[in-house]
Amino acid sequence: MPPLVIGLTGPFGSGCSETAKVLEERCGFTVVRLSNVIRDEWNRLHPETAPKRSDLQSLGDQIRRRASDAGILAERAIARLEPQDGDAHLVIDGIRNMGETDYFRDRYGTGFFLFALECPTSERWLRLRHIYERVGMGLEEFRKDDEHDRDEEFAYGQQVQLCVDQADVLINNTDGAGTAALRQKVPDYIDLVTGRTPRYAAPSEIFMNLAYSAAHGSKCLKRQVGAVIVAAAPGEMGDIVGQGFNENPAPTKPCVEESQYGADAVRGKRGTCHRDKVREDAHTSFVANGILCPICGSKLLWDRNTEPRWECQTCKNDLEKYFWSERAMTLCTAIHAEVAALFAAGRRSRGATLYTTTFPCFQCTEKIILAGIRSIVFNEPYPDVRAVPRLELAKIETVRFEGVRSRRFDEIFARARRG
């Protein structure tokens, strides 16, 4: 059997390190930790100071940006392997940027599988609370670090949300299931992806992957989302009564096909996200009107090439959350996938289950409640904290998806058909 490479991604505290330990102890994998590259660089620069998680996050961003290579941590980590590890099965702990995922897929081809571990934020905090409190930090610092991890619009930043969305296998690792369950799940999924123990796809895997297929209809420049509504309880077979994807409503065109306003239109510039256009115009206005940075008090400057785009040129803080706490999502011109599916289903959505590749936003949540959806199955590491209590109030069940997703779906489950 050729070497197998398993990449691990997910929010910190979700169980990636425990999964790497399971693969090392029970399956004989060699562990490669991307964080070791960052820690070694930190120790070189600050030998007398122990780093906080935020320090390592920022340093990782800087290493990628300095190299102009989002996959540089992956490349350096693999370069550290001993020659005798060339034929070993590898488990890569700590993938947090799409450039790292792309590096391993390019290097190892079909021998690489990306596993995502997911766990509710509240449970992750309980797991990590003692680590934060030991250095005098608390829930607020945990939340800031968690927010940093999902900075999907920063090319060299922590893109955990996008990495989870690209995973081949998603594993639900809640405390309710316990470590023993994780230690059983992981080898079982290894046997599945390698073909040792083939099985047929479960109903939830079939419907979630239909949602992913629907997402391919989207031309959104940010994220393609798909949704499917099924007249059955979660995990049960039933009729598909609606499906949809996020896209601008006809007769308007997708942002990628629209010319922009003013001088951009004269230059023939196309394909700018409407949200980006709104925020860029606002920042230009802030600079022209002498608006001050809310953190350091200096005048805001505008550099189109800066990443993060909203970084203060004086104090280097990312100011987007101060001016656009929801990243201008309420100004997105697209009809969201869940709403498109609800329109297609009509009255048939009452009592049905919604399978969606992301967790519904607040605006979609209100429409889901009105439509009478009974349950939601989602694949999303960071549920909308504003939407969750509304769904709880409406007594709508939310279920984290677990299983194989569409990237390797046919390859893995076709083995069962071949016997």
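Above this text sits the structure in question.
So, here's what we can say about the structure. The structure presented is a predicted model; accordingly, all values stated were derived computationally and were not measured.

Re the nonpolar core
A general tendency of soluble globular proteins is for nonpolar side chains to be buried together. Within the largest apolar cluster, 40 residues are counted, with the highest numbers of intra-cluster contacts made by Ile 92, Ile 95, Phe 104 and Met 208. With 5 residues, helix 4 (residues 72–79) is the largest single contributor of residues to this core. With near-sequence residues (within four places) excluded, Ile 95 lies in contact with Gly 7, Leu 8, Thr 9, Leu 34, Glu 100, Thr 101, Phe 104, Phe 112, Leu 114 and Cys 163. Counting residues in each nonpolar core, the second largest holds 25 residues, with Ile 6, Cys 16, Ile 171 and Ile 190 among its members.

Things to note about the layout of surface pockets
Computed from the structure, the second largest pocket encloses a volume of approximately 1000 Å³. In this structure, the second largest pocket is lined by 40 residues; those nearest its centre are Phe 12, Gly 13, Ser 17, Arg 39 and Arg 53. Of all the secondary structure elements, the ones that give two or more residues to the lining of the second largest pocket are helix 1 (16–27), helix 2 (34–45), helix 3 (53–67), strand 3 (90–95), helix 6 (121–134) and helix 9 (178–194). Ranked by residues supplied to the lining of the second largest pocket, first place goes to helix 6 with 5 residues. Its residues placed into classes, the lining of the second largest pocket shows 14 nonpolar, 13 polar and 13 charged.

Observations concerning unusual backbone geometry
At the junction of Ala 250 and Pro 251, the peptide bond is cis and its omega measures out at 10° in the coordinates. Tracing the chain through its elements places Pro 251 in the loop between strand 7 (239–245) and helix 11 (262–266). The backbone phi angle of Lys 395 is positive, close to 60°, even though this residue is not glycine. Following the sequence through the fold, Lys 395 ends up in the loop between helix 16 (388–393) and strand 10 (397–400).

Some details on helix 7 (residues 139–149)
Regarding helix 7, the residues found buried are Phe 142, Asp 145, Asp 146 and Asp 149. The buried residues of helix 7 occupy an angular sector of 100° when the element is viewed end-on, so they sit on one face. Check the buried side of helix 7 and you find it contacts helix 3, helix 6 and helix 8 (160–165).

Notes on the sheet that holds strand 11 (residues 403–404)
Spatial ordering of the open sheet is given by 2-3-1-4-5-11, a layout of 6 strands whose pairing is mixed. Edge strands, defined here as strands with exactly one partner in the open sheet, are strand 2 (30–33) and strand 11. Pairing geometry for strand 2 and strand 3, over 4 bridges, is parallel. Bridge assignment links Arg 33 to a residue of strand 3, and that residue is Asp 93.

What about the packing of helix 3 against helix 7?
Closest axis-to-axis distance for the helix 3/helix 7 pair is 10 Å, and the angle between their directions is 20°. The orientation of helix 3 with respect to helix 7, classified from their angle, is roughly parallel. With respect to the hand of their crossing, helix 3 and helix 7 are arranged in left-handed fashion. Of the residues in helix 7, those in contact with Arg 53, Ser 54, Gln 57, Ser 58 and Asp 61 of helix 3 are Asp 145, His 148 and Asp 149. The class makeup of the residues in the contact of helix 3 with helix 7 is no nonpolar, 4 polar and 4 charged.

Remarks on the side chain of Asp 149
Take Asp 149: it is sitting in helix 7. Beyond its immediate chain neighbours, meaning those up to four positions away, Asp 149 contacts Pro 11, Phe 12, Gln 57, Arg 96, Gln 158, Gln 159, Val 160 and Tyr 382.

Here we look at the pairing of strand 8 (residues 353–356)
Burial of the side chains of strand 8 extends over both faces: Thr 353 and Tyr 355 are buried on one face and Leu 354 and Thr 356 on the other. In this structure, strand 6 (residues 226–231) lies alongside strand 8, joined through 4 bridges in antiparallel fashion. The residue of strand 8 that forms the bridge with Val 228 is Tyr 355. Note: strand 8 against strand 9 (residues 375–378), 4 bridges, orientation parallel. Note on strand 9: the bridge partner recorded for Tyr 355 is Val 377. Read from strand 8 through helix 15 (residues 362–371) to strand 9, the crossover connection turns out right-handed.

Quick look at the packing of aromatic side chains
One pass over the structure, following the stated rule, counts 10 aromatic pairs. Ring centres of Phe 104 and Tyr 108 lie 6.4 Å apart, and the angle between their planes is 15°; this geometry places the pair in the stacked category. In this pair, Phe 104 and Tyr 108 are both assigned in helix 5 (residues 98–108), 4 residues apart and thus about one turn of the helix distant. Of the aromatic side chains, those joined through ring pairs into one cluster are Phe 12, Trp 125, Tyr 132 and Phe 142. A cation over an aromatic ring shows up here: Arg 124 above the ring of Phe 12, its NZ or CZ 5.8 Å from the ring centre.

Quick word on the environment of Cys 296
Assignment of secondary structure puts Cys 296 in the loop between helix 12 (274–288) and helix 13 (320–323). When neighbours within four sequence positions are excluded, Cys 296 is seen to be in contact with Cys 312, Thr 314 and Cys 315.

Description of helix 2
The end-to-end C-alpha separation of helix 2 is 18 Å, in line with the 16 Å expected for 12 residues at 1.5 Å each. Of all the residues in helix 2, the buried ones are Leu 34, Val 37, Ile 38, Glu 41 and Trp 42. Taken down its axis, helix 2 places every buried residue within 135° of arc, on the same side. Check the buried side of helix 2 and you find it contacts strand 2, helix 3, helix 4, strand 3 and helix 5.

Structural notes on the packing of helix 4 against helix 5
In the contact formed by helix 4 and helix 5, the axes pass within 7 Å of each other and the chain directions differ by 50°. The angle between the axes of helix 4 and helix 5 places the two elements in the oblique class. Contact with helix 4, carried on its side by Leu 73, Ala 74, Glu 75 and Ile 78, involves Glu 100, Tyr 103, Phe 104, Arg 107 and Tyr 108 of helix 5 and no other residues of that element. Considering only residue class, the contact of helix 4 with helix 5 consists of 6 nonpolar, no polar and 3 charged.

Criteria and cut-off values
Residues numbered from 1 in each chain as written. Predicted model: local features only at pLDDT ≥ 70, side-chain atom pairs only at ≥ 80, totals over all residues. Heavy atoms only, no water. Core = buried A, V, L, I, M, F, W, Y, C linked by side-chain atoms within 4.5 Å. Buried < 20%, exposed > 50% of the residue type's maximum accessible area, 1.4 Å probe, protein only. Helix = DSSP H or I, 4+ residues; strand = E, 2+ residues; numbered from the N terminus. Contact = heavy atoms within 4.5 Å. 1 Å grid on protein atoms, 1.4 Å probe; cavity = no way out; pocket = protein on both sides within 12 Å on 5 of 7 lines; lining within 4 Å. Points joined across faces, edges and corners; volume = space filled by probe spheres on them. Nonpolar A, V, L, I, M, F, W, Y, C, P; charged D, E, K, R; others polar. Arc of directions from axis to C-beta. Pairing = 2+ DSSP bridges. Axes fitted to C-alpha atoms, helices over the stretch in contact; angles between N-to-C directions. Parallel < 35°, antiparallel > 145°, perpendicular 65-115°, else oblique. Left-handed = near helix turned anticlockwise from the far one by under 90°. Right-handed = clockwise from strand over helix to strand, strands pointing away. Phe/Tyr/Trp six-rings, centres within 6.5 Å; stacked < 30°, edge-to-face > 60°. Lys NZ or Arg CZ within 6 Å of the ring centre and 35° of its normal. Expected span 1.5 Å × (residues − 1).

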